[in-house]
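Here is how the chains run, residue by residue.
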2 protein chains.
Amino acid sequence: MLLYNSMVSGNCYKVRLLLAHLGIDYERRELDVVDRSDRPDVLGGLNPDLRVPTLVLDDGRPLAESGAILWYFGEGTRFVPADRYDRAKVLQWMFFEQYTHEPAIAVARFLLAYSGEPEKYASTIESRQRSGTKALEAMETHLAAAGSHIVGTSITLADIVLYAYTHVTHEGGFDLEPYPALRAWLERVAGEPGHVPIDA
Amino acid sequence: MLLYNSMVSGNCYKVRLLLAHLGIDYERRELDVVDRSDRPDVLGGLNPDLRVPTLVLDDGRPLAESGAILWYFGEGTRFVPADRYDRAKVLQWMFFEQYTHEPAIAVARFLLAYSGEPEKYASTIESRQRSGTKALEAMETHLAAAGSHIVGTSITLADIVLYAYTHVTHEGGFDLEPYPALRAWLERVAGEPGHVPIDA
């Protein structure tokens, strides 16, 4: 199994983290996230959106979008709840992460820490930080009222996807000090047996 | 069952279209998509992101994010494939729609046709039209090579979600003339028995 990967991409980290938890082996091929000129040659035919992560299964069939890859491997394990409503709530937070959280928090982080020209993107960074702060506030409100995890009382795909970019928010200029429930949850996810860091 | 709805929102239309196909009854409460000042009062406690669609099940439990609502009702029906890989491919296109397609195509449409001040947003509209065109090209390439539907040869949630905003792209200033496979697919989805239009 081959993962087209980027070590700095939180979307790729989600896949690496779940596969580590599940003890599934795979190979990696690293793609550049700044110079994307080789993407059509490398990912054309595998992923219509030319993004990483893109996975190629052992039988050659490709799978793209971190959320879909996670679901493929998560179904039937403790990372996808058996209850129908809880399963939908996990997807609710996975779609929240991709629609609201990631475009703000991951993009602010990328432009500030990895683009190589943060000055050029100053106003975009500022607007993404404003949206990102709202996403963090929504998470804090939920976690302060919820159980120990995003959905229920044990780790699911919802925790995996939200952990990925939330735990590196400082690289996007965010301060987590105002969010005690969120900080406790980050420690809980990182303390899960089998956890691996983003640079592993 | 109560759906917090907007008649112009494609995300709400996805839910209405699936529930119509499945013959499931529900009540609607219409929310304004321009003046959102009542959102914290109405949706606070139901949806951390304060967006529509938000659904309240008969037992009072809330569910948010169109993709999660669709999955909740789609599982076990012909709209979610029984095969594990096909199921993941449906989610791949659902995440593609929410991450890449909707933020370009739906936002261009909203700013141009519904915001009431398209001149103010001219440069945003133009950049979203450029991103939206890439998303339409990715769909055309896929549909020209694929079977009759986004995943496999019958309608799934992937068709429902991509139909919703693609069939009203003209309101966002897009021209579908260059995309014959996409136009044939739109007609196929609209011709499905049980189909309802966006204003139904």
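Residues numbered from 1 in each chain as written. Chains lettered and ligands numbered in written order. Predicted model: local features only at pLDDT ≥ 70, side-chain atom pairs only at ≥ 80, totals over all residues.

Brief notes about the overall build of chain A
As a reminder, the rule being used: A run of DSSP states H or I qualifies as a helix once it reaches four residues; a run of E qualifies as a strand once it reaches two. Both are numbered from the N-terminal end. Every radius of gyration here is taken over C-alpha atoms, with the globule rule written as 2.2 Å times N^0.38, N being the number of residues. Two residues qualify as being in contact provided that their C-beta atoms, derived from the backbone, are within 7 Å of each other.
Helices and strands together make up the secondary structure of chain A, namely 7 helices and 4 strands. Scanning chain A from its N terminus toward the C terminus, one meets helices and strands in the order β-α-β-α-β-β-α-α-α-α-α. What you see for chain A is a C-alpha radius of gyration of 17 Å, in line with the 16 Å of a compact globule of 200 residues. Summarising its shape, the C-alpha atoms of chain A cover approximately 45 × 45 × 25 Å along the three principal directions. Considering only contacts in chain A between residues 6 or more positions apart, those separated by 24 or more positions represent 70%.

Structural notes on the sheet that holds strand E1 (residues 2-5) of chain A
All names here are of chain A. Selection criterion: For two strands to be treated as a pair, DSSP must find no fewer than two bridges joining them. Lines are fitted to the C-alpha atoms to define the axes, a helix being fitted only along its stretch in contact, and any angle between axes, read from their N-to-C directions, falls within 0 to 180 degrees.
Taken together, 4 strands build an open sheet; the order of strands is E2-E1-E3-E4 and the sheet is mixed. The open sheet terminates on both sides in strands that have one partner only, identified here as strand E2 (27-30) and strand E4 (62-64). Mean inter-strand twist for the sheet, computed between neighbouring axes without regard to direction, equals 20°. Here strand E3 (residues 54-56) pairs with E4 via 3 bridges, running antiparallel. Each residue of the ladder has a partner; that of Val56, found in E4, is Pro62.

Some thoughts on the sheet that holds strand E1 (residues 2-5) of chain B
Residue and element names in this part refer to chain B. Taken in spatial order, the 4 strands line up as E2-E1-E3-E4 in an open sheet, and their pairing is mixed. This sheet does not close on itself; its edge strands, each paired only once, are strand E2 (27-30) and strand E4 (62-64). In this sheet, neighbouring strand axes are inclined to one another by 20° on average, regardless of whether the strands run parallel or antiparallel.

Here's the deal with unusual backbone geometry
Residue and element names in this part refer to chain A. Where we set the bar: Counting other C-beta atoms within 10 Å of each residue's C-beta, where C-beta atoms are placed from the backbone, gives the exposure class: buried for 20 or more, exposed for 12 or fewer, partly exposed between.
Cis rather than trans, the peptide bond between Val52 and Pro53 has omega equal to 0°. Mapped onto the secondary structure, Pro53 falls in the loop between helix H2 (39-43) and E3. Residue Leu50 is not a glycine yet carries a positive backbone phi of 55°. When you line up the elements, Leu50 lands in the loop between H2 and E3. Residue classification places Leu50 among the partly exposed residues on the basis of 18 C-beta atoms within 10 Å. Here the phi dihedral of Glu65 falls at roughly 75°; this positive angle occurs in a residue that is not glycine.

Notes on the packing of helix H1 (residues 10-22) of chain B against helix H3 (residues 66-74) of chain B
Residues and elements named next belong to chain B. In plain terms, the rule: Orientation is classified from the angle alone, with under 35 degrees giving roughly parallel, over 145 giving roughly antiparallel, 65 to 115 giving roughly perpendicular, and any other angle giving oblique. For this scheme, ten residues count as nonpolar: Ala, Val, Leu, Ile, Met, Phe, Trp, Tyr, Cys and Pro. Four count as charged, namely Asp, Glu, Lys and Arg, and the remainder, Gly too, count as polar.
Viewed as axis vectors pointing N to C, H1 and H3 meet at an angle of 10°, and their least axial separation amounts to 9 Å. Judged by the inter-axis angle, H1 sits roughly parallel to H3. Across from Asn11, Lys14, Val15, Leu18, Leu19 and Leu22 in H1, the residues of H3 making contact are Ser66, Ile69, Leu70, Phe73 and Gly74. Looking at the contact of H1 with H3 residue by residue, the classes come out as 7 nonpolar, 3 polar and 1 charged.

A look at the interface of chain B and chain A
In this complex, chain B contributes 25 residues to the contact, which on the side of chain A involves 25 residues. Elements supplying a minimum of two residues to the side of chain B that touches chain A: E4, H3, helix H4 (84-114) and helix H5 (122-145) of chain B. For the side of chain B that touches chain A, the class distribution of residues is 14 nonpolar, 6 polar and 5 charged.

A short note on the domain arrangement of chain A
All names here are of chain A. Short version of the rule: The split into domains, and so the bounds of each, comes from an automatic or database assignment of domains.
Per the domain assignment, the segments of chain A are domain 1 (2-74) and domain 2 (84-190). Here the C-alpha centroids of domain 1 and domain 2 sit 21 Å apart. Counting residues at the interface gives 11 residues for domain 1, matched by 12 residues for domain 2. Among the residues making up the side of domain 1 that touches domain 2, the classes are represented as 7 nonpolar, 3 polar and 1 charged.

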